[in-house]
Amino acid sequence: MAPATAQPRCKLLHQTSSPAGLSLDPSTPTKPNYSWNGSLTTDSQVVTCADLSKVSCKKQLEQLAQLYSTCIAENLVPNIFLELFFVLQLLTSKGTTSSEDGENDLEFNQECKDAVERQHFQNVHNCVYFAVQVLDCQFEIISHLERGTLKLLAENERIASFSPGLHARLMKAYESSTAKVSLLLPSSVQSVSFQPETDNRSNFPSDRAFHIFKKQRDIFYELLREWEDNHEKPGWDFERVLGNKIRAMMNHLTAAYNHSHFARLFQKQLIQMCKGPIGGGTSWGDTPDQDVLNMLGSDNLSRLKRLQERFVVPQSIRGPCPPPAFPGCQQFFRDFILSAGSYQFNQHLMDSLCLKILELDGLTLVEHEPSDGEADMDEQDEKKRFTAALMTLRLLAKFLGFLVFLPYQTVEPPSRDLQESAVTLRNQTLPVLDVLKLLRRSILNRRTILTVPWIVEFLSLVDHFAPFLDYYGRVFSLLLQLYRCLVLSEDKEMSFLNKLLILAVLGWLFQVPSVPEELFFTSKVKQEGLMTDTMTSAQALDSVPLVDQQLLYTCCPFLGELRKLLASFVAGSGAKNGGFIRKITPTAAESLTPKPSVTQQKLQVELEQAFFHNQPPSLRRTVEFVAERVGSNCVKHIKATLVAELVKRAEVMLQDKVKEEDANHSKLLDEVCAQLYEEGAQALHKGREFCRLKGPEAVRVLLPEETSAAVLNSAEDIAVGLATEKACTWLSTNITALIKREVRTTFNRMLRVQGPSLFSEDTQGERKGCPPNCQHHAPFPSQIINEIKDVLCIAVGPRDEDEGILYVQLECLLKRLSQTLQCRKFMCPTSEQQLARCTVELASLLVSDRVPIQGLKPQTQKKPETQRGKKNAVYGLLKSLLLVWKEDFWTPVPVQLMFSRKNVGYIAEVEQREWDLFLFMLHGLVDHGLMGNAEIESCLHSLQELLWSSDFLEELETISRIFISEYHVAEPRTRPCELVRQPRGTVAAQS
């Protein structure tokens, strides 16, 4: 939070004794002390019962809570989750003296005491009241936490007694939440298979080099096996046991190509073992706990996993801002690099990491425009691809940062003299990876949700000098500017959880010990334009809801400390031993079914891994590709056949019942859908049959004809199994929602088309919102959208010199647009919004004179007269557009998009710029009530803060001054060449 409030909080948290005996446990200073370990409540610590009637200074506490919440909401604090952790500490604070209430009441009731000097948080009642007020203001963030945290908050007695309204909202959020988060680690890891494309004999200059690489590969896996078997034993030390073996192995890698191949193997094994949650798997085989769990023989794998998680997931509180670490299998790879101490290997590994990062950061992960409907199977596949890419990028970036900043790491912060000399020297070197360029590109292309998390991992390993370097100083400044711009209550086009993930990782970065504390609070932040493309293509990931709670908690495991803090309070309040209450509900044993047991499933997975291990990598890729496409096609086939038949039946059923008087449409829809759900269960049977028929056929077509029959049969079986699992999992989860969505869509369309005839004969032929006597012969919205897009393509895309658009066609298009908008029979909100955006884009191109209008004057006319005629024609088109925006659209037209960087950039690209059309449009927006003067001035001011050429920026400032000086201009008469050169008074007088 702000410096003015950070110091009092630190003083409060570090007070060892107070008149109230208030205990805030554990402690969180502004810059957390990472060596601290929080302790749970013990029997000797009595939890005071918070009482709303004993709260003093309510008005002041409410004002403080409002101010504090505003700082959180506006991203004026370095880490919003650290502040929420602090608020939960206040909520769960304890009092240890029985006389605190009376003493504090006397102290607070001293009227002579100045309000500023009052210590408002010296009793537990005030602390809880303040915390509840803040939680009420920050409910939107809290409602997106995982289900366990919501449950603890909803069951908290203090919230229930201090704010019944907040308690009801929390209960509702908990009951509707499905955000279950699992931090269970994978239990099995396989070695990287032999890669014939890169590791065969032809990739080495000699037989000796090839045999050296194979030997190093064998030694590497022997070391990994030894570490896996012994690293958890007491007294086992990595350097003492494996250090000499690693250095002896590295001494054989004398040639550059051997280092390159081994670095590639090292990277692939790192990805395979560590890209999962909290560093990946913990063992090559089964742990003793796993053996015990496998002996249970349960058929319910999900229940078994939840039970296993309760045993193995750590429960100790580490604080809300843990320092950068290498947990799990990552520890082996970090210690290997340190023990090897090879500059050549480190350089080749950095090169390999950079190439892989650049490849993954540029992937096209989404192939559709974002939609508001339920996610289909392709969208779920896209989320999986995005998650895999993001986790791999974060892992690779962490190790790249470890290698890049390793030579400069120091145990303690250096002195100022040493810092200045080191910064001066290191400013002359270039960075290994241009993260600043990648960050700017991601902001422009709206891909920050993919790029920012891995850049944070990279920067979290910085040494104490790096943040003061010119290059990395600009990176931190841009990240800080992005952090302050991503206000959760604004920019609804970006998914809330997408934004929350970016804010969470950036907030954690600002708390890393090597990042200077004053970085966040500096007032000297270089402002760069953060305008983004308004694209909706596959590159714009920020607008697609790719992040869920599982990914949020996987990338930010420290968020689980919120739940642990609440759980520790529950344990301290109700458990005699002071530990966590681990309630495990017994359930009755289920009857045996033909479904495979956990052991059989595990054995099947291991057999498949062994099969692919001995085959070329292309075989695995082919089988996985077939499984993905067949599974996806299966779902689409079910939609087109079974679901389509059910929808037709529903339409017939609804057709008769909807004519009844006082029909409850919502209830009627639910009743009809309920009758279809049972038949929808046939989707699983049809899906299995589809995969069984189509899977082998696709595998046979894609695999070489020379493939042996045994390999072909195994590949077919695996592909069918994967495709069936993929399709049936989606269908069992979503078939009900899919049927209801399709039936609802059909029902709504039926009401729109037949609505008037269903209820009254007097309204025959009339539509809601249509003009009187409307015949509904207007063009379809989709047709108008396509025609406008054709015009935009000609104006923006490459074209021949003589290619253009007739003025008569444009004029007719706008008239037909007005007719389409007036007849509401076939209009839906999505189509109307798309028309609004397309017309704003068309207006921007007209204003910048980018539309090649033809058919105005004969070609024999002089050029100035031709230009004047074209401009008058554009004036007429703009007037028509303004009138359509004002009169015909029901949805708000996003005219603010005319001031985006892309649309104003159309004018900047013209060599001989003319601003009279732009000024005409500004005044037209004001005159038609589409925008206010102050709003336009604000947009113009924002444009001037972006990075433009000096001459364009000068002209833009002139236009801004002209607009401010005159508010009622119909058609500018100033010549374009004089517009940006004449003084403001002269131009105003001529207008």
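Okay, so let's go over this structure. (Residues numbered from 1 in each chain as written. Predicted model: local features only at pLDDT ≥ 70, side-chain atom pairs only at ≥ 80, totals over all residues. Heavy atoms only, no water.)

What follows covers helix α32 (residues 781-796). The end-to-end C-alpha distance of α32, which contains 16 residues, comes to 22 Å, matching closely the 22 Å that a straight helix rising 1.5 Å per residue would cover. Those residues of α32 that fall on the buried side of the exposure criterion are Pro781, Ile784, Ile785, Ile788, Val791, Leu792, Ile794 and Ala795. Packed against the buried residues of α32 are β3 (805-806), α33 (807-822) and α34 (829-847). (Helix = DSSP H or I, 4+ residues; strand = E, 2+ residues; numbered from the N terminus. Expected span 1.5 Å × (residues − 1). Buried < 20%, exposed > 50% of the residue type's maximum accessible area, 1.4 Å probe, protein only. Contact = heavy atoms within 4.5 Å.)

So, on to the packing of aromatic side chains. Under the defined criterion, the tally for this structure stands at 35 aromatic pairs. Geometrically, the ring pair formed by Phe121 and Phe130 is edge-to-face, given 4.9 Å between the ring centres and 85° between the ring planes. The residues Phe121 and Phe130 share a single accessibility class, namely buried. Both rings, one in Phe220 and one in Phe336, keep their centres 5.7 Å apart while their planes meet at 85°; by these two values the pair is edge-to-face. On the criterion of sequence distance, the pair formed by Phe220 in helix α11 (residues 207-230) and Phe336 in helix α16 (residues 330-340) is long-range, its members being 116 residues apart. The pair Phe220 / Phe336 is uniform in exposure class, with both members buried. Its end group placed over the ring of Tyr174, Arg147 keeps NZ or CZ at 4.3 Å from the ring centre. (Phe/Tyr/Trp six-rings, centres within 6.5 Å; stacked < 30°, edge-to-face > 60°. Lys NZ or Arg CZ within 6 Å of the ring centre and 35° of its normal.)

Take the packing of α34 against helix α36 (residues 901-908) next. Packing of α34 against α36 brings their axes to within 8 Å, and their N-to-C directions diverge by 20°. In terms of their interaxial angle, α34 and α36 are classed as roughly parallel. For the pair α34 and α36, the sense of crossing is right-handed. Every residue of α36 that contacts α34 at Glu841, Ser844, Leu845 and Val847 is listed here: Lys902, Asn903, Tyr906 and Ile907. Of the residues contributing to the contact of α34 with α36, the split by class is 4 nonpolar, 2 polar and 2 charged. (Axes fitted to C-alpha atoms, helices over the stretch in contact; angles between N-to-C directions. Parallel < 35°, antiparallel > 145°, perpendicular 65-115°, else oblique. Left-handed = near helix turned anticlockwise from the far one by under 90°. Nonpolar A, V, L, I, M, F, W, Y, C, P; charged D, E, K, R; others polar.)

Attention now moves to the pattern of salt bridges. This structure, assessed with the given rule, holds 18 salt bridges. One salt bridge in this structure joins Arg700 and Glu716, with 3.2 Å as the shortest N-O distance. Note that Arg700 is positioned in helix α30 (residues 682-702) and Glu716 in helix α31 (residues 709-759), a separation of 16 residues in sequence. Classification of Arg700 by relative accessible area gives partly exposed; the value is 47%. (Salt bridge = Lys/Arg side-chain N within 4 Å of Asp/Glu carboxyl O.)

Moving on to the packing of helix α38 (residues 933-944) against helix α39 (residues 950-965). Following both chains from N to C, one finds α38 and α39 inclined at 165°, their axes separated by 10 Å at the closest point. The orientation of α38 relative to α39 falls into the category roughly antiparallel. By crossing handedness, the relation of α38 to α39 is classed as left-handed. Here Asn933, Ile936, Glu937, Leu940, Leu943 and Gln944 of α38 lie close against α39, whose contacting residues are Leu953, Leu956, Glu957, Ser960, Phe963 and Ile964. For the contact of α38 with α39, the per-class residue count stands at 7 nonpolar, 3 polar and 2 charged.

Geometric descriptors of this kind do not, in isolation, establish any biological role.
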